[in-house]
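Below are the chains, spelled out letter by letter.
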Amino acid sequence: MSLLRPLLIAALCWGAFAYSGLRLHGYDRLDQRLEVLRVRLPLLVQLLYSGGDPYLAANLNVFRSILVDASVTEQETYRIQGQLQADAASFNPRHEDNYYIAAAILPWNGQVEAGQEVLLKAAQSRPWDMWPAFYYAFNAMYFERDMTKAGHWAEIAAQRSPNNAPALRSMAAAWYERQNDSTVALDVLRNMHAQSADKEFRRLLQARIARLEGLLALRAALADYRQQHQGKLPTAWAQLIGYGGLEVFPEDPLGAGYTLDASGELQVADHIDIRAQE
Amino acid sequence: MFELTALGVRAGVRGQGFRILLLITLALLGAALLAGNFSGRQPLTVTLDVGLSGLRFILLLMALLWVQDLLARDIERKTIYFLLAYPVTRSQFLCSRFLAVAFLGAGALLFVGLALWLVLYLFGSSHPQLQPPALGMPYVMALLGIWLDLLVVAAFAILLASISTTPYLPLLLGFAFALAARGLGPTISHLRSARSDPLHEALFSPVLEHAYAWLPDLSRLDWRALALYGLTPDMPAMALATLNAVAYIALLLTLAAVIFQRRSFT
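Residues numbered from 1 in each chain as written. Chains lettered and ligands numbered in written order. Predicted model: local features only at pLDDT ≥ 70, side-chain atom pairs only at ≥ 80, totals over all residues. Heavy atoms only, no water.

Draft legend 1. Quick peek at the overall build of chain A. Secondary structure summary: chain A contains 12 helices and 2 strands in total. Relative to the globule expectation of 19 Å for 278 residues, the C-alpha radius of gyration of chain A, 30 Å, shows a markedly less compact shape. With respect to the three principal axes, the spread of C-alpha positions in chain A is 120 × 45 × 30 Å. Within chain A, buried positions represent 43% of all 278 residues. (Helix = DSSP H or I, 4+ residues; strand = E, 2+ residues; numbered from the N terminus. Rg over C-alpha atoms; globule rule 2.2 N^0.38 Å. Buried < 20%, exposed > 50% of the residue type's maximum accessible area, 1.4 Å probe, protein only.)

Below is the structure:
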């Protein structure tokens, strides 16, 4: 009798335990959506839970970023991922996976600033590696539209990789040329031309200089024409000859030609930002 | 005194320490190999990185446990009476305990370091890396840095053991000290960086900027970047960091000897 009662209680408890466990299968767990990121603790707290070890803290952040599923499209997750990766870059700027994921994911999902921070730190601390410098330059060109920065870092990438140097240098030249202030761009190109020993590259630079000079001459002629014709545009480009000291219509040595952009400014045809017009 | 050191080493080896170390080492190596799988571009570097992080942490705990085992517990159990009956001075006794912990630490470090090296060599990923980790001399330098780091913490724990009446104070405060000293460098550089909160900087910078006078910056002894990324060592900085650590160890041991000399065991 005295044993029966506790056993009965135990059996009842077990019944309640097993039944509730079985019923729980039907409910979602609170942390069901593990693939999204929500938490980013302050940097110094991250350092503390890594035992004061910045390398470990960097690795933990990178692992968390890697685990984000490619199918996640949520902005908040990318914002947190950007912060985690920027933190990882301050703990260990040389981490290769960190800058690689940052280049591949962050700017394309709206986190340009965080991505560029990670890439800049990697580019500065990995002098043997051309890629962070190159990605940084590309993002500066494509996302930030800062052509001077893009050209500068493309040149640094070229110095780090002799094999890819010609391609990178011509990219740098192309990006310098697309700068908003064409006179500054012209100066930069002339300097590069004067300092370059590579024959093929000098030829390419010469062509880019000629096309910018043509653009500047055409802009001057157009401004003169519009001043004399109450702001009207010419019906044919040939009408510009004689205005602003223009004697012959300049040819674009690279073949793209010149055209007006949406704001009525003359541009080289292949410089017009298609995305801006969409 | 050397007999006493050898005795301490033997006591440490016979204790639970090395068996625990063996188990933890296996777990660490497994974890490091798995961590390497997270890396797409540099699996070997990440394996080494996580392995060194774990090694640094485990050996910190081991060093503190050894100080507790060899000194603090002697004081608690009063077995120190017998030890002090030997024809050695108290400061010699303290010094021999520190040396014993240093030798034990070096042995453990060689053991785990060699195991990690073998795992990397035998089972490490063969993925071609842009910059493979340097597993020769730089790796030895990284281990040496970790050893110096351990000695600083052990000296601090010995100072605490010479004061405290409970064996857990050196363990707990030694751990807190190691956390603070290892995190000091990264904390200062974070506060100086553009991303830090200006309020935090205003609050903590004045204290931390002068911390060099009383707290060693153990992150200066973390030379693993040499092995991870094959950097060229900055010899003057490393020599200064070594001097900094050795001077601090000597300071702590001197203080400990002075306190221990005057302590009455009742």
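So much for the structure itself; the text now carries on.
Draft legend 2. Layout of the overall build of chain B. Scanning chain B from N- to C-terminus turns up 10 helices and 0 strands. What you see in chain B, going N to C, is helices and strands ordered as α-α-α-α-α-α-α-α-α-α. Compactness check: chain B gives a C-alpha radius of gyration of 20 Å against a globular reference of 18 Å for 266 residues, within 12% of the reference. For chain B, the spread of C-alpha atoms along the three principal axes comes to 60 × 50 × 30 Å. A buried classification covers 50% of the 266 residues belonging to chain B. Across chain B, the fraction of contacts at a sequence separation of at least 24, relative to all contacts at a separation of at least 6, is 82%. (Contact = heavy atoms within 4.5 Å.)

Draft legend 3. Summary view of the interface of chain A and chain B. Each side of the interface is counted separately: chain A has 31 residues, and chain B has 26 residues. When chain A packs against chain B, the two sides together hide about 2600 Å² of surface, and 61% of this comes from carbon and sulfur. Looking at the side of chain A facing chain B, the largest losses of area belong to Tyr55(A), Glu96(A) and Trp128(A), adding up to 23% of the total buried there. Where chain A meets chain B, there are 5 salt bridges. Residue Asp87(A) pairs with Arg195(B) through a salt bridge whose shortest N-O separation is 2.8 Å. In this assembly, chain A and chain B are joined by 11 residue pairs in polar contact (both at pLDDT 80 or more). Of the residues assigned to the side of chain A that touches chain B, the class counts are 14 nonpolar, 7 polar and 10 charged. (Buried area = accessible area lost by both parts, 1.4 Å probe. Salt bridge = Lys/Arg side-chain N within 4 Å of Asp/Glu carboxyl O. Polar contact = N/O pair within 3.5 Å; in protein donor to acceptor, adjacent residues only side chain to side chain. Nonpolar A, V, L, I, M, F, W, Y, C, P; charged D, E, K, R; others polar.)

Draft legend 4. Region of the structure containing the confidence of the model for chain B. Mean pLDDT for chain B: 87, with 100% of residues reaching 70 or above. Overall fold confidence (pTM) sits at 0.78, and the ipTM for the predicted complex is 0.87. (pLDDT = per-residue confidence, 0-100.)

Draft legend 5. Highlighting the packing of aromatic side chains. Applying the stated criterion across every chain yields a total of 19 aromatic pairs over all chains. For the ring pair Phe93(B) and Phe260(B), a centre distance of 6.0 Å and an interplane angle of 20 degrees mean the geometry is stacked. Of this pair, Phe93(B) sits in helix H5 (residues 90–123) while Phe260(B) sits in helix H10 (residues 235–262), and the two are 167 residues apart along the sequence. A single burial state applies to Phe93(B) and to Phe260(B), both of which are buried. Through a chain of ring-to-ring contacts, the aromatic side chains of Tyr99(A), Tyr100(A), Trp131(A), Phe134(A) and Tyr135(A) assemble into a single cluster. (Phe/Tyr/Trp six-rings, centres within 6.5 Å; stacked < 30°, edge-to-face > 60°.)

Draft legend 6. Representation of helix H8 (residues 198–209) of chain B in the model. For H8(B), spanning 12 residues, the distance from its first C-alpha to its last is 15 Å, which sits close to the expected 16 Å at 1.5 Å a residue. Capping of H8(B) at its N-terminal end is provided by Asp197(B); its side-chain oxygen lies 3.0 Å from the backbone amide nitrogen of Leu199(B). (Expected span 1.5 Å × (residues − 1).)

Draft legend 7. Region of interest: the environment of Phe134(A). Residues and elements named next belong to chain A. Take Phe134: it is sitting in helix H7 (residues 130–142). The class of Phe134 is buried, set by a relative accessible area of 15%. When the C-alpha atoms of Phe134 and Trp153 are compared, they prove to be 6.6 Å apart, with 19 residues separating the residues in sequence. Not counting chain neighbours up to four residues away, the residues in contact with Phe134 comprise Ala157, Leu168, Met171 and Trp175.

Draft legend 8. Molecular detail of the side chain of Thr25(B). Residues and elements named next belong to chain B. The topology assignment puts Thr25 in helix H2 (residues 17–36). Of the residues examined, Thr25 reaches a relative accessible area of 4% and is grouped as buried. In contact with Thr25, not counting residues within four places along its chain, are Phe111, Val112 and Ala115.

Draft legend 9. Region of interest: the pattern of salt bridges. Summed over the entire model, instances satisfying the criterion amount to 20 salt bridges over all chains. Across the pair Glu76(A) and Arg79(A) runs a salt bridge whose closest N-O atoms are separated by 3.1 Å. One end of the pair is Glu76(A) and the other is Arg79(A), both in helix H4 (residues 75–91) and 3 residues apart, which spans about a single turn. With relative accessibility at 36%, the residue Arg79(A) sits in the partly exposed group. Within the structure, one salt-bridge network assembled from shared partners comprises Asp53(A), Asp49(B), Arg56(B), Asp149(B), Arg182(B), Asp222(B) and Arg224(B).

Draft legend 10. Inspection of a nonpolar patch on the surface at higher detail. On the surface, Val39(A), Leu41(A), Val45(A), Tyr49(A) and Leu60(A) cluster together into a nonpolar patch covering about 390 Å² of accessible area. Within the element layout of this structure, Leu60(A) appears in helix H3 (residues 54–66). (Patch = residues over 30% accessible without salt bridge, like charges linked within 9 Å, V, L, I, M, F, W, Y side chains within 5 Å. Areas by Shrake-Rupley, 256 points an atom, 1.4 Å probe, with all protein chains shown as cover.)

Draft legend 11. Geometry of H2(B). Between its first and last C-alpha, H2(B) extends 28 Å over 20 residues, near the 28 Å set by a 1.5 Å rise per residue. Elements in contact with the buried residues of H2(B): H3 of chain A together with helix H3 (43–77) and H5 of chain B.

Draft legend 12. Main features of the packing of H7(A) against helix H9 (residues 165–177) of chain A. Residue and element names in this part refer to chain A. Here H7 crosses H9 at 25 degrees, and the two axes come no closer than 11 Å. Relative to H9, the element H7 is oriented roughly parallel. The hand of the H7/H9 crossing is left-handed. In this structure, H7 contributes Met130, Phe134, Ala137, Phe138 and Met141 to the contact, and H9 contributes Leu168, Met171 and Trp175. In terms of residue class, the contact of H7 with H9 is made up of 8 nonpolar, no polar and no charged. (Axes fitted to C-alpha atoms, helices over the stretch in contact; angles between N-to-C directions. Parallel < 35°, antiparallel > 145°, perpendicular 65-115°, else oblique. Left-handed = near helix turned anticlockwise from the far one by under 90°.)

Draft legend 13. Seen up close, the packing of helix H8 (residues 147–160) of chain A against H9(A). Residues and elements named next belong to chain A. The contact between H8 and H9 brings their axes to 8 Å, and the two run at 170 degrees. Taken as axis vectors, H8 and H9 run roughly antiparallel relative to one another. Counted together, Met147, Thr148, Ala150, Gly151, His152, Ala154, Glu155, Ala157, Ala158 and Gln159 of H8 and Ala165, Leu168, Arg169, Ala172, Trp175 and Tyr176 of H9 form the full contact between these two elements.

Draft legend 14. Local environment of the environment of Ser205(B). Along the polypeptide, Ser205(B) turns up in helix H8. Assessed through its relative accessible area of 10%, Ser205(B) is described here as buried.

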